[in-house]
Protein chains: 2
Amino acid sequence: MDDKPIERLLAAGLVVFAERGFREATVRDICARAGTNISAIRYYFTSKEMLYREVLAYSFREADRKYPQAAFSDESLPASDRLKIFIRHLLMRLLDESDLGFHARLMAREIAEPTEALHFIIDTVMKPRFLILRELIPQLVGDTLDHTDIDRVIHCIIGQCLVFRHSKPMIERLCPEVISSPEAIDRTADMIIRFSLGGLRALDPSPGSLL
Amino acid sequence: MDDKPIERLLAAGLVVFAERGFREATVRDICARAGTNISAIRYYFTSKEMLYREVLAYSFREADRKYPQAAFSDESLPASDRLKIFIRHLLMRLLDESDLGFHARLMAREIAEPTEALHFIIDTVMKPRFLILRELIPQLVGDTLDHTDIDRVIHCIIGQCLVFRHSKPMIERLCPEVISSPEAIDRTADMIIRFSLGGLRALDPSPGSLL
DNA sequence: ATCCTATTCAAACAGGCGTTTGAATGCAAG
DNA sequence: CTTGCATTCAAACGCCTGTTTGAATAGGAT
């Protein structure tokens, strides 16, 4: 447990908001975890909603600290390698059960049921990655697809990663083995990569494809 | 509006539960939509939770009535055709904005944040479809994958469909065109099918593949 | 008309929520 | 020690929730 109440509230808020969502999270629960009095939220953040915004910012800071500038934005690497890195990176973050996992869960929540903070999140973390994929994918499928189809392909790829996070309850009932261990998650990442590269190859009509 | 209060409450409950989730939905809102008094829920369903269960059952009934026994379980068709039907079917249901869309949203909610009803839903609607895919996929990729990898592939495929439902808020901000019209959704389904068949081909080492 | 049952209704209830209060506490500076 | 300020605390506030109540209403059977 950190020393200052502000840090403790941010850390506790991250956990509770990630697990229960904004509305279902209670300030009493957050404060209990943080070991503070209820009114500490008002004192330091003025309201639950302001705390939530600060938790989001805190979450981004922590995530960027642990996963700094992903190598997938390194333009000197081959496009297919960059895509592989992106997929593995994304899946790991999504299924990470440490502090980092809360960040992923928090964002998954915002995507599915946006608060007013969604625009900020999209522009800050989603859009930059999205734009990189927008220039990456055409390098892998040639010029046959228009920009809308490129966006479709991008979602096909990230959807394969997201499903393992947000359908987790179903997965754990139907086939828990696919993500039950770090090795299993690793194999899942491999599978998504093989599957996606195969999918991209099917979209590229040129015979001597880069893939 | 239907005639009987029970029907009206079920229909209103479907809409409100699908849009707000179980906890955030209020009985006052549901009753207002249904045009009944608040205590009608107690009178006909004894509690909000019992109403929710009945809404789930009602939702399944309605969905099966509109999308009866999908052709994709027709074993006389080629496996690849059955997969195509499955993908198109699933995406259409997920993005359908009519009554049927509420059914899909309701289930998407249960998958992401299960109530006690999840087990029932999984065994009733998910598992049967999942088991069909479990026998379908091996026909398309040969015998090279163990059953866990088959389950991974299944999730890669359904993940591509699910992402367009549950990342909708993000899609509508980053690239709304991909699902902005029935034609666009149709093109998205085509893309998922091409992408998935390509992915499956990449997993099948045999030269003269069925794909 | 009278009774009985089914249904509707407005009002209130208890509990949990985020927020607010005002006093208690700690602690460094004068 | 005293002052002043930042911080903590228990308690209460007002609001909204699901639920409950008991009376009002309706409509068919006798």
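Being a predicted model, the structure only gives us computed values, none of them experimental.

**Student:** Looking at this model, I keep getting lost on the packing of helix α6 (residues 99-112) of chain A against helix α7 (residues 118-141) of chain A. Mind explaining?
**Tutor:** Helix-helix packing: each pair is described by the crossing angle between the helix axes and the interaxial distance. Residue and element names in this part refer to chain A. Across the interface, α6 lies against α7 with an axial gap of 10 Å and an inter-helix angle of 125 degrees. In terms of orientation, α6 lies oblique with respect to α7. Considering the relative orientation of α6 and α7, their crossing is left-handed. Listed contacts from α7 to Met107, Glu110 and Ile111 of α6 are Leu118, Ile121, Val125 and Met126. A class-by-class count of the residues in the contact of α6 with α7 yields 6 nonpolar, no polar and 1 charged.

**Student:** What's the story with the protein's contact with DNA strand C in this structure? I'm lost.
**Tutor:** In the vicinity of DNA strand C, 15 residues are found, and the nearest of them are Arg28(A), Arg42(A), Lys48(A), Tyr43(B) and Tyr44(B). If you look at DNA strand C and keep only atoms within 4 Å of the protein, 54% of those are sugar or phosphate atoms. Ala25(A) is positioned with one of its backbone polar atoms (N or O) 3.0 Å from a phosphate oxygen of DNA strand C. Within the side chain of Tyr43(B), a nitrogen or oxygen atom sits 2.9 Å from a phosphate oxygen of DNA strand C. Counting residues per element, the ones that place at least two in the surface near DNA strand C are α2 (27-34) of chain A together with α3 (40-45) of chain B. In terms of residue class, the surface near DNA strand C is made up of 6 nonpolar, 5 polar and 4 charged.

**Student:** For this particular structure, what's the right way to read the relation of the copies chain A and chain B?
**Tutor:** Two chain copies here: they are related by a rotation about an axis and a translation along the same axis. When chain A is brought onto chain B, the operation consists of a screw motion whose angular component is 180 degrees and whose axial shift is 0.0 Å, with 0.1 Å RMSD remaining. Both chain copies can therefore be described as sitting about a two-fold axis.

**Student:** Please explain the layout of surface pockets as it appears in this structure.
**Tutor:** If you roll a probe as big as a water molecule over the atoms, it shows you where there is empty space left. What the largest pocket holds in volume is close to 1,400 Å³. Looking at the largest pocket, it is lined by 44 residues, and the ones nearest its centre are Arg109(A), Ala112(A), Glu113(A), Arg109(B) and Glu113(B). Looking at the lining of the largest pocket, the elements that each hand over two or more residues are α1 (5-24), α6, α8 (147-166) and α9 (168-174) of chain A together with α1 (5-24), α6 (99-112), α8 (147-166) and α9 (168-174) of chain B. A total of 8 residues in the lining of the largest pocket trace back to one element, the largest contributor, which is α1(A). When its residues are assigned to classes, the lining of the largest pocket shows 16 nonpolar, 6 polar and 22 charged. When its volume is computed, the second largest pocket comes out at roughly 650 Å³. Lining the second largest pocket are 31 residues, with Phe86(B), Leu90(B), Val125(B), Met126(B) and Arg129(B) positioned closest to its centre. The dominant element in the lining of the second largest pocket, judged by the number of residues it contributes, is helix α7 (residues 118-141) of chain B, at 8 residues. Of the residues belonging to the lining of the second largest pocket, the class tally is 23 nonpolar, 5 polar and 3 charged.

**Student:** Looking at this model, I keep getting lost on the domain arrangement of chain A. Mind explaining?
**Tutor:** Much of the literature gives interface size as the accessible area that the parts lose upon coming together. Residues and elements named next belong to chain A. Segmentation of chain A into domains returns domain 1 (5-60) and domain 2 (67-203). In this complex, domain 1 contributes 14 residues to the contact, which on the side of domain 2 involves 14 residues. Its largest share of buried area at the contact with domain 2, domain 1 owes to Ala18, Leu56 and Phe60, together 44% of the area lost on that side. For the pair domain 1 and domain 2, the interface holds 0 salt bridges. Across the contact surface, domain 1 and domain 2 share 4 residue pairs in polar contact (both at pLDDT 80 or more). Of all elements in the fold, only α1 and α4 (48-66) reach the threshold of two or more residues within the side of domain 1 that touches domain 2.

**Student:** What exactly am I supposed to notice about empty space enclosed by the protein here?
**Tutor:** Residue and element names in this part refer to chain A. Taken as a whole and assessed by the stated rule, the structure comprises 3 cavities of 30 Å³ or more. Considering the residues around the largest cavity, the lining is formed by 20 residues, among which Phe86, Leu90, Met107, Met126 and Arg129 are closest to the centre. Within the residue set of the lining of the largest cavity, elements represented by two or more residues are α5 (79-95), α6, α7 and α8. The volume enclosed by the second largest cavity comes to roughly 50 Å³. Around the second largest cavity sit Leu14, Ser59, Glu62, Ala63, Lys66, Asp99, Leu100 and His103, which together line it. Contributing elements (two or more residues each) for the lining of the second largest cavity: α4 and α6.

What counts as what
- Residues numbered from 1 in each chain as written.
- Chains lettered and ligands numbered in written order.
- Predicted model: local features only at pLDDT ≥ 70, side-chain atom pairs only at ≥ 80, totals over all residues.
- Heavy atoms only, no water.
- Axes fitted to C-alpha atoms, helices over the stretch in contact; angles between N-to-C directions.
- Helix = DSSP H or I, 4+ residues; strand = E, 2+ residues; numbered from the N terminus.
- Parallel < 35°, antiparallel > 145°, perpendicular 65-115°, else oblique.
- Left-handed = near helix turned anticlockwise from the far one by under 90°.
- Contact = heavy atoms within 4.5 Å.
- Nonpolar A, V, L, I, M, F, W, Y, C, P; charged D, E, K, R; others polar.
- Near = heavy atom within 4 Å.
- Polar contact = N/O pair within 3.5 Å; in protein donor to acceptor, adjacent residues only side chain to side chain.
- Least-squares fit on C-alpha atoms with pLDDT ≥ 70 in both.
- 1 Å grid on protein atoms, 1.4 Å probe; cavity = no way out; pocket = protein on both sides within 12 Å on 5 of 7 lines; lining within 4 Å.
- Points joined across faces, edges and corners; volume = space filled by probe spheres on them.
- Domains from an automatic or database assignment.
- Buried area = accessible area lost by both parts, 1.4 Å probe.
- Salt bridge = Lys/Arg side-chain N within 4 Å of Asp/Glu carboxyl O.

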